[in-house]
Structure formats: C-alpha cells, structure tokens
Amino acid sequence: MRRTLNKFCPTESLTSRSIHLARKNALRKFYECGFSYSRKLTAHKSCVNYLAFSRHGGRWLASAGDDCRVLLWDFSQEDVVCPGHAFAGPMVSFFWSIVCCFSGGADDVILKYDVSTLREVGSTSIGERSWSSSVERYGDHDDSVRALTCHPYEDEIFISARHSESASHSEDGKLILHDSRAGGRMSAAQGTLQHTAAFTGVQHHPVMEHVFATCDVHGHVCLRDTRMTFGPLSRRSNGGIVRVYNTKLSRKSAGYLSNPESSSLTFDRDGGKLAVTFLHYFPTIYAMSDPHPLAICTGRNTPDGTPVSPPQRSYTNSCTMKSGAFGGPGMDEDDMYGAGSDDFRAYVWRIPPLMTLQGLRQEITPHDWYAREWPDTVGELLAFAEGKWESRYVPYEISMPLARLNGHKSIVNSVAIHPSLLHIATSGVERQIILHSPTPSSPAVQNLLPTPPTVRMLQPQDLAAQRTFLRALFGPHPTLHEDDVEDDEGENETISLFDHILRAEGEADVFTMRRWGEDSAEDSEDEDEMTIDVFDTSHSDSSL
C-alpha cells in the first residue's frame with residue numbers, strides 16, 4: 001500500500017499565518033471601537049439572572065430568571081427578535097452540555113432539555129409549545145440547587161452544587177455527581193460530597209475530564225479531581241482537592257485578613273485561566289496551575305484611559321449574585337472577560353497572556369510588607385495572602401476596560417459572549433436582555449440602534465422613591481410581574497427596590513463585611529478546613 005506523506009510547505013504556512021494575523025487585527029479593531037450598538041430582547045416577566053450561549057457555534061442563547069422560564073433564542077435566524085422556545089422550570093442556575101441545557105432551582109428539581117429534538121421556530125406562540133418529550137427530570141434530593149456543570153464530553157454526566165439549612169441555621173453544602181449512563185450509576189452516598197459551607201459555584205474543566213473547580217460562601221476556591229471526590233471511601237482523598245487558590249485579602253492598616261465571598265467562577269475555553277467573582281471586591285484572574293492571583297479587573301479608568309472620578313460610579317459588586325464569562329469571538333483564544341456591575345453597566349476587559357501577567361505580579365515578603373509603606377494611587381494597597389505572616393501577592397490591575405456596555409437601568413448580573421459572532425448579551429434586574437454589537441448588523445441581527453452613551457444615576461432617596469420601594473417590598477412578588485411585559489410600572493418598582501439596597505450596601509468595605517482573623521473561633525474552624533484541604537503536589541501531579 002502506498003503511503004501519502006504530509007509535506008511541510010513554507011509558502012502555504014506563511015500564507016495561512018498572514019491570513020490569521022490579518023483576521024485577528026481586523027477583529028481587534030472592531031473591539032477597540034466598543035460595542036456601541038444594541039437591541040433589547042423582551043419576553044421575560046421578571047429579573048433575568050442567567051445567560052449562556054450553547055457550545056459549538058452558539059446557536060442558542062438560554063436565558064432564565066424569577067419567572068421560572070428558560071427561554072431559548074435562536075441565533076441561526078437572520079434577525080433575532082423573539083425566543084424560539086420556552087421551557088417551564090424553577091431557575092437558579094443552568095449550564096450547557098454538548099446538545100443539552102440543564103437547569104436547577106430552589107425546589108430541588110434539575111431539568112435536562114435536549115435541544116436536538118426541538119422543532120424549528122414556527123408561527124405557534126411560545127406558551128403553546130410542547131416540551132415534555134425534550135425534558136428529563138432529576139428530583140431525588142431534598143435541597144436546592146445553587147450551580148450546575150456538565151462533563152466536557154458526556155451529556156449523561158454532570159455535577160450539581162446544592163445547599164440546605166441545617167438545624168443550627170448554618171448553610172451546609174454538597175456536591176452530587178449525576179451519571180445516567182447505563183451501568184454507570186453510583187450509590188447516592190458514593191456520588192455525594194458533604195461540605196461544611198454552602199457551595200456558590202462549580203465548573204468542570206473544559207478539556208480535562210476529571211478536573212473541576214468549586215467556590216463557597218467562605219471564600220474558598222478549590223480545584224478538585226472527581227476520582228478522589230466521589231466513589232467508595234477507600235478511593236477518596238482530601239475531598240478531591242488538588243489545589244487551593246489564594247483568596248484572602250490583606251491591608252497593612254488592618255490587623256486581620258478578609259475572606260470575600262466567592263459567588264461564582266468560570267474557566268476560559270482552554271481551561272488555562274480561571275476567573276472568580278468576589279462579593280465586595282473585583283473579578284480576579286488566576287492561572288489554573290498557579291494558586292496566587294495574576295490580575296484583578298477594575299473600572300478605575302474609562303476605555304479611553306480617563307480616570308473615573310466622583311460622582312461618577314465605576315465597577316462594584318455588593319448586592320446581587322453575578323456571573324462573568326470569558327470569550328474571544330472569532331479568535332483562537334479567550335482573551336476577553338466580561339462581568340456585570342452595580343453601576344448599571346457591564347464591563348469587558350482584555351486579558352493579557354498569562355506569562356505577561358506572571359511577570360507583572362508583585363510578590364512581597366512578610367518583613368517588607370510590615371516594614372515599608374505601600375501606597376496605591378487611590379489609597380492603601382491591597383494584596384492577597386494565605387496568612388498574616390505569609391508572603392503578599394499583588395496581582396496586576398487591569399484598570400482600563402476594553403468596553404463599558406450601557407443600556408441598562410439597574411444592576412447587571414450576567415454576561416454571555418457569543419463564541420463566534422461579535423455579540424455580547426447582558427441581563428440583570430430588568431426584564432430585558434440587551435444584545436450588544438460593534439456593528440449595526442450581523443448574520444444574526446439587523447438594524448441595531450446606537451446604545452445610549454450614558455447610564456442612569458443612582459439618586460438620593462426621596463418621598464416618591466420611598467413609596468415605590470414600599471410597594472415593591474410588600475407586593476406579592478418583588479421581581480415578578482404577570483402583566484404586559486411592556487408595562488414599566490412593575491419594573492420601576494423592582495428597580496426602586498434594588499436602588500434602596502444599593503444605597504444601603506453599595507459602598508460596603510470588604511474588610512468590614514468579611515473579617516478573617518486567625519484568633520477567632522469561627523476562623524480557627526476555617527483554618528482546620530484549610531489544613532485538611534492543603535495542596536498536595538503528589539496528588540495533583542498524578543491526578544492532573
């Protein structure tokens with residue numbers, strides 16, 4: 001048999017590289033102009049708290065919120081205006097697998113929607129669509145679902161993070177491995193990991209099938225291996241933990257550390273970068289292989305480099321659960337990260353290469369930290385430390401976002417970046433999703449309008465605002481409105497409710513809200529946990 005050898009052709013290689021670079025430069029020019037066009041996608045009757053594009057092309061955008069519906073928006077259309085399909089179900093979190101969308105909520109039920117069985121969008125109204133044949137239910141547990149994540153290659157395998165209130169009124173957490181393959185079932189005990197704190201996020205590595213990351217209300221962020229997390233006790237080790245990330249903050253003037261709550265986390269497409277959303281702090285970028293943070297994403301400057309000064313507001317996260325997303329539409333890597341903010345915007349930052357960030361990160365010995373002054377341009381320098389007498393790590397600050405996405409009237413909770421089209425979707429307290437683009441048209445949308453260049457200012461409380469707030473607070477459901485989705489009265493009450501929360505909590509200091517002191521009883525318990533969860537290089541090398 002004659003063998004055909006693949007020969008290297010310098011001319012073809014150079015041509016391909018030139019095309020790749022030209023394409024990359026053209027896309028960067030689009031991004032640098034900002035995402036200044038947008039459209040509101042209206043169909044929900046409540047806050048829209050979660051957005052996610054489907055894998056492998058991003059045909060579907062799934063959206064969900066307090067109205068207990070999952071809506072699917074079909075980006076294979078020429079002009080996305082309304083959702084093509086809707087599923088009923090409680091919503092707290094959802095995640096896409098290869099061809100399925102999983103959702104879970106406060107009533108302990110997880111629903112699996114097989115989008116490969118859906119019909120094309122037709123003329124029938126959403127409420128009349130039959131979806132029962134496309135849905136599988138998982139309801140054999142008695143606690144609510146906080147987060148979900150799917151195996152990178154198997155639709156039948158996923159992990160749910162659940163929490164329940166114990167008799168002592170503390171929230172305990174558990175991870176449950178679901179495996180519906182024939183012959184692949186574990187017992188309930190073997191497929192469950194109990195934890196002393198409620199999990200706030202779980203995310204499977206996009207490439208390494210046994211690796212996943214978790215975060216919890218105590219601020220712990222860990223990398224775990226399913227082979228050591230689940231199964232018989234004889235196979236388990238250290239809760240499956242192979243790496244513990246450094247998440248405690250240090251400020252020289254404070255005699256203690258702060259452990260901000262880690263409210264969500266996500267990998268980039270290759271799994272080399274991990275972003276953590278912290279309450280009362282900034283989105284923080286880690287390399288998967290490095291326990292210390294490399295960068296923080298702030299809004300200290302505008303996209304043109306101008307410093308943001310009062311009374312202008314910038315990126316903050318103090319009031320709601322938020323989820324960010326990596327992306328790089330049309331690129332061969334995810335070099336952008338997007339997140340919502342309490343200042344009624346979403347932010348997109350360009351993330352430098354990991355090697356560059358490692359060179360820009362500053363490491364300070366404990367002696368130098370206490371012996372020298374460490375001024376910052378806007379106040380006292382903050383660093384990450386694993387203990388009071390450990391080295392300090394000052395991650396590089398990405399202070400100039402690539403873009404600030406306007407158009408919202410209240411807090412933005414979720415950001416989703418399309419994997420191939422130049423679109424970013426944002427949502428939050430309002431009922432509308434906003435689809436952003438650097439151009440007025442694309443293969444999926446037509447005739448987008450310019451986005452307003454400014455956002456609504458948070459006004460001081462007055463008598464009218466107080467009345468609106470009270471109507472929302474004592475109404476039947478503060479964030480759900482069954483009337484016409486175009487009616488603004490109910491939504492204004494919801495916005496007023498969150499305005500009130502922002503006035504009370506929006507400027508909270510993380511060191512005041514979250515104190516981690518090594519001498520207190522509660523913190524000693526955390527320290528014991530960390531001793532058990534300590535990173536063991538022998539385990540990590542063999543598992544990863």
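Refer to the structure presented above.
Structural notes, computed from the coordinates. Just so you know, these numbers come straight off a predicted model, no measurement behind them.

Conventions we followed
Residues numbered from 1 in each chain as written. Predicted model: local features only at pLDDT ≥ 70, side-chain atom pairs only at ≥ 80, totals over all residues. Heavy atoms only, no water. Helix = DSSP H or I, 4+ residues; strand = E, 2+ residues; numbered from the N terminus. Contact = heavy atoms within 4.5 Å. Areas by Shrake-Rupley, 256 points an atom, 1.4 Å probe, with all protein chains shown as cover. Buried < 20%, exposed > 50% of the residue type's maximum accessible area, 1.4 Å probe, protein only. Pairing = 2+ DSSP bridges. Polar contact = N/O pair within 3.5 Å; in protein donor to acceptor, adjacent residues only side chain to side chain. Salt bridge = Lys/Arg side-chain N within 4 Å of Asp/Glu carboxyl O. Axes fitted to C-alpha atoms, helices over the stretch in contact; angles between N-to-C directions. Phe/Tyr/Trp six-rings, centres within 6.5 Å; stacked < 30°, edge-to-face > 60°. Lys NZ or Arg CZ within 6 Å of the ring centre and 35° of its normal. Core = buried A, V, L, I, M, F, W, Y, C linked by side-chain atoms within 4.5 Å.

1. Here we look at the overall build of the protein
Next, step 1: If you tally the helices and strands in the protein, you get 9 helices and 37 strands.
Next, step 2: When contacts within the protein are restricted to residue pairs at least 6 apart in sequence, long-range pairs at least 24 apart make up 62% of them.
Next, step 3: When the accessible surface of the protein is summed, it comes to about 24,100 Å², and 53% of that surface belongs to carbon and sulfur atoms.

2. A few points about the environment of Leu 193
Next, step 1: Inspection of the secondary structure puts Leu 193 in strand β13 (residues 192-195).
Next, step 2: Measuring from C-alpha to C-alpha, the distance between Leu 193 and Leu 177 comes to 8.7 Å, with 16 residues separating the pair along the chain.
Next, step 3: Once residues lying within four places of it in the same chain are set aside, the contact partners of Leu 193 are Gly 173, Lys 174, Leu 175, Arg 224, Thr 229, Phe 230, Arg 236 and Gly 239.

3. Focus: the environment of Val 211
Next, step 1: As for its placement among the helices and strands, Val 211 is situated in strand β15 (residues 211-216).
Next, step 2: For the pair Val 211 and His 151, spaced 60 residues apart in the sequence, the C-alpha separation amounts to 9.5 Å.

4. A word on the pairing of strand β7 (residues 100-104)
Next, step 1: Most of β7 sits inside the fold, with 5 of its 5 residues counted as buried.
Next, step 2: Inspection of the sheet shows β7 paired to strand β8 (residues 110-114) by 5 bridges, in the antiparallel sense. Across the sheet, residue Cys 100 finds its bridge partner in β8, namely Asp 114.

5. Some remarks on the side chain of Arg 361
Next, step 1: With respect to the element layout, Arg 361 can be found in the loop between α3 (354-360) and β27 (362-364).
Next, step 2: On the basis of relative accessible area, Arg 361 is assigned to the buried category, the value being 18%.
Next, step 3: A polar contact is formed between the side chain of Arg 361 and the side chain of Asp 290, at a distance of 3.0 Å.
Next, step 4: Among the polar contacts made by the side chain of Arg 361, one reaches the main-chain carbonyl oxygen of Pro 293 at a distance of 3.5 Å.
Next, step 5: Setting aside residues no more than four positions away along its own chain, Arg 361 makes contact with Asp 290, His 292, Pro 293, Leu 294, Tyr 393, Val 394 and Pro 395.

6. Some words on the sheet that holds strand β1 (residues 37-42)
Next, step 1: If you trace the 5 strands from one edge of the open sheet to the other, you get β34-β35-β36-β1-β37, paired in antiparallel fashion. Each edge of the open sheet carries a strand with a single partner, namely β34 (412-417) and β37 (449-450).
Next, step 2: Note: β1 against β37, 2 bridges, orientation antiparallel. Residue pairing in the sheet places Tyr 37 in a bridge with Pro 450 of β37.

7. A closer look at the pattern of salt bridges
Next, step 1: Counted by the stated rule, this structure contains 13 salt bridges.
Next, step 2: The residue Asp 509 makes a salt bridge to Arg 251 at a minimum N-O spacing of 3.2 Å. With Asp 509 in the loop between α6 (489-505) and α7 (510-513) and Arg 251 in strand β18 (residues 249-251), this residue pair connects regions lying 258 residues apart in the sequence.
Next, step 3: One salt bridge connects Lys 322 with Asp 342, and the closest N-O pair in it is separated by 2.7 Å. Highlighted residues: Lys 322 in the loop between β23 (295-297) and β24 (325-327) and Asp 342 in the loop between β25 (336-340) and β26 (346-350), separated in sequence by 20 residues. For the pair Lys 322 and Asp 342, one class covers both residues: buried.

8. Quick look at the sheet that holds strand β3 (residues 60-65)
Next, step 1: Here 4 strands make up an open sheet; going across it, the order is β2-β3-β4-β5 and the pairing antiparallel. The sheet terminates laterally at β2 (48-53) and β5 (85-88), the two strands that pair on one side only. Pairwise comparison of adjacent strand axes, ignoring direction, gives a mean angle of 20° for this sheet.
Next, step 2: Pairing between strand β4 (residues 69-74) and β5: 4 bridges, direction antiparallel. Paired with Val 70 across the strands is Phe 87, a residue of β5.

9. Quick look at the packing of aromatic side chains
Next, step 1: The tally for this structure, following the rule as stated, stands at 14 aromatic pairs.
Next, step 2: Ring centres 5.2 Å apart and planes at 45° place the aromatic pair Tyr 370 and Trp 389 in the tilted group. Of this pair, Tyr 370 sits in helix α4 (residues 366-371) while Trp 389 sits in the loop between β30 (382-384) and β31 (392-394), placing them 19 residues apart in sequence.
Next, step 3: Exposure remark for Tyr 370: the relative accessible area of 33% places this residue in the partly exposed category.
Next, step 4: When its relative accessible area of 61% is taken as the criterion, Trp 389 is described as exposed.
Next, step 5: Here the aromatic cluster, defined as three or more aromatic residues joined through ring pairs, consists of Phe 278, Tyr 281, Phe 282, Tyr 315, Phe 326, Tyr 337, Tyr 347, Trp 349 and Phe 384.
Next, step 6: Positioned above the aromatic ring of Phe 344 is the side chain of Arg 313, whose terminal nitrogen or guanidinium carbon lies 4.9 Å from the ring centre.
Next, step 7: Here the guanidinium or amino end of Arg 515 rests over the ring plane of Tyr 256, the centre of that ring lying 4.0 Å away.

10. Considering the nonpolar core
Next, step 1: Counting 23 residues, the largest nonpolar core has Val 221, Leu 223, Tyr 245, Leu 265, Leu 274 and Tyr 286 as its most contacted members.
Next, step 2: With residues up to four places along the chain from it excluded, the contact list for Leu 274 reads Ala 213, Val 221, Tyr 245, Leu 265, Thr 266, Phe 267, Thr 284, Ile 285, Tyr 286 and Phe 326.
Next, step 3: Ranked by size, the runner-up nonpolar core spans 19 residues in total, among them Leu 71, Ile 433, Leu 435 and Val 445.

11. Focus: unusual backbone geometry
Next, step 1: A cis amide bond, omega 10°, links Pro 310 with the succeeding residue Pro 311.
Next, step 2: Looking at the element boundaries, Pro 311 is found in the loop between β23 and β24.
Next, step 3: A positive phi angle, close to 55°, is found at His 56, a residue other than glycine.
Next, step 4: With respect to the element layout, His 56 can be found in the loop between β2 and β3.
Next, step 5: The exposure class of His 56 is exposed, given its relative accessible area of 67%.

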